[in-house]
Amino acid sequence: MTTNDHNGSVLDTEIGALKGGSANLPQYAGKSVLIVNVASKCGLTPQYTGLERLQERYAEQGFTVLGVPCNQFLGQEPGTAEEIAEFCSATYGVSFPLTEKVEVNGEGRHALYERLVGFADTEGHSGDIRWNFEKFLIGRDGQVVARFSPQTEPEAAEVVAAIEGQLG
């Protein structure tokens, strides 16, 4: 196996769940997953609303949002696992799964993001995550099919079209 192995599913990567234990990504095999690095104290935090609406709209069709808390952008996710869970639930009614808090850039970049950052968005950006709420759509085959900038709203036409293209 080479270090540039694109045959394995992104969902084979091990990552912890926010409340402990494994997030068990292989359970999403055959589904489409929108992976988003999230933060509770960011100007883009209201995107949680749109992410939750996507979850509610498409969950029964084999889709899930997966939130990945990260504190690398101006310390905008400083909370403990319990604080993050409470904030997401109480403030935005989040029902989609959240992973443990990880680093998405730099030497400590989590293996999940090692698998994601090589994929370019429609503007050609690949590499480091630019800010909170950067979005990666994983297809039913476990491969990255789309990348969206942090500023792209979760319910933007291009995001919805990409999701629906994976559900058909």
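Residues numbered from 1 in each chain as written. Predicted model: local features only at pLDDT ≥ 70, side-chain atom pairs only at ≥ 80, totals over all residues. Heavy atoms only, no water.

Within the largest apolar cluster, 29 residues are counted, with the highest numbers of intra-cluster contacts made by Leu 54, Phe 63 and Ile 163. A total of five residues in this core trace back to one element, the largest contributor, which is helix H4 (residues 157–167). Once you skip the residues sitting within four places of it in the chain, Leu 54 turns out to touch Leu 34, Ala 59, Phe 63, Pro 154, Glu 155, Val 159, Val 160 and Ile 163. Core analysis: the next-biggest nonpolar cluster, separate from the first, contains 23 residues, Cys 70, Val 104, Val 117 and Val 144 among them. (Core = buried A, V, L, I, M, F, W, Y, C linked by side-chain atoms within 4.5 Å. Buried < 20%, exposed > 50% of the residue type's maximum accessible area, 1.4 Å probe, protein only. Helix = DSSP H or I, 4+ residues; strand = E, 2+ residues; numbered from the N terminus. Contact = heavy atoms within 4.5 Å.)

With that settled, the discussion passes to the pattern of salt bridges. Per the stated rule, a full pass over the model turns up seven salt bridges. In this structure, the salt-bridge partner of Asp 128 is Arg 109, at a minimum N-O distance of 2.9 Å. Note that Asp 128 is positioned in the loop between helix H3 (111–116) and strand E3 (135–138) and Arg 109 in the loop between helix H2 (81–92) and H3, a separation of 19 residues in sequence. Assessed through its relative accessible area of 42%, Asp 128 is described here as partly exposed. Its relative accessible area of 16% is what places Arg 109 among the buried residues. Of the charged contacts, one joins Arg 147 and Glu 134 as a salt bridge, the two residues approaching to 2.7 Å between their closest N and O atoms. With Arg 147 in strand E4 (residues 144–148) and Glu 134 in the loop between H3 and E3, this residue pair connects regions lying 13 residues apart in the sequence. Salt bridges sharing partners connect three or more residues here, namely Asp 121, Arg 130, Glu 134 and Arg 147. (Salt bridge = Lys/Arg side-chain N within 4 Å of Asp/Glu carboxyl O.)

Note that an α-helix has 3.6 residues per turn; residues three or four places apart therefore point the same way. Compared with an ideal rise of 1.5 Å per residue, which puts twelve residues at 16 Å, helix H1 (residues 47–58) spans 17 Å between its outermost C-alpha atoms and is within 8% of the ideal. Here H1 has its buried residues at Gln 47, Tyr 48, Gly 50, Leu 51, Glu 52, Leu 54, Gln 55 and Tyr 58. (Expected span 1.5 Å × (residues − 1).)

Once that is clear, we can look at the packing of H1 against H2. Axis separation between H1 and H2 bottoms out at 10 Å; the angle between their running directions is 80°. When the axes of H1 and H2 are compared, the pair comes out roughly perpendicular. Contacts from Tyr 48, Thr 49 and Glu 52 in H1 reach Phe 87, Cys 88 and Tyr 92 in H2. Residues belonging to the contact of H1 with H2 are distributed by class as follows: four nonpolar, one polar and one charged. (Axes fitted to C-alpha atoms, helices over the stretch in contact; angles between N-to-C directions. Parallel < 35°, antiparallel > 145°, perpendicular 65-115°, else oblique. Nonpolar A, V, L, I, M, F, W, Y, C, P; charged D, E, K, R; others polar.)

Right, let's talk about unusual backbone geometry for a bit. Peptide bonds are, in most cases, trans, and in most cases residues other than glycine have a negative phi. Here the phi dihedral of Asn 24 falls at roughly 50°; this positive angle occurs in a residue that is not glycine. Within the element layout of this structure, Asn 24 appears in the segment before strand E1 (32–38). Asn 24 gets classed as partly exposed once you look at its relative accessible area, which sits at 38%. Of note in the backbone geometry, Phe 133 takes a positive phi value of approximately 75° without being a glycine. With respect to the helices and strands, Phe 133 occurs in the loop between H3 and E3. Residue classification places Phe 133 among the buried residues on the basis of a relative accessible area of 0%.

We now examine the environment of Lys 31. Within the fold, Lys 31 resides in the segment before E1. Here Lys 31 falls in the partly exposed class, since its relative accessible area comes to 32%. With 110 residues separating them along the chain, Lys 31 and Asp 141 place their C-alpha atoms 7.9 Å apart.

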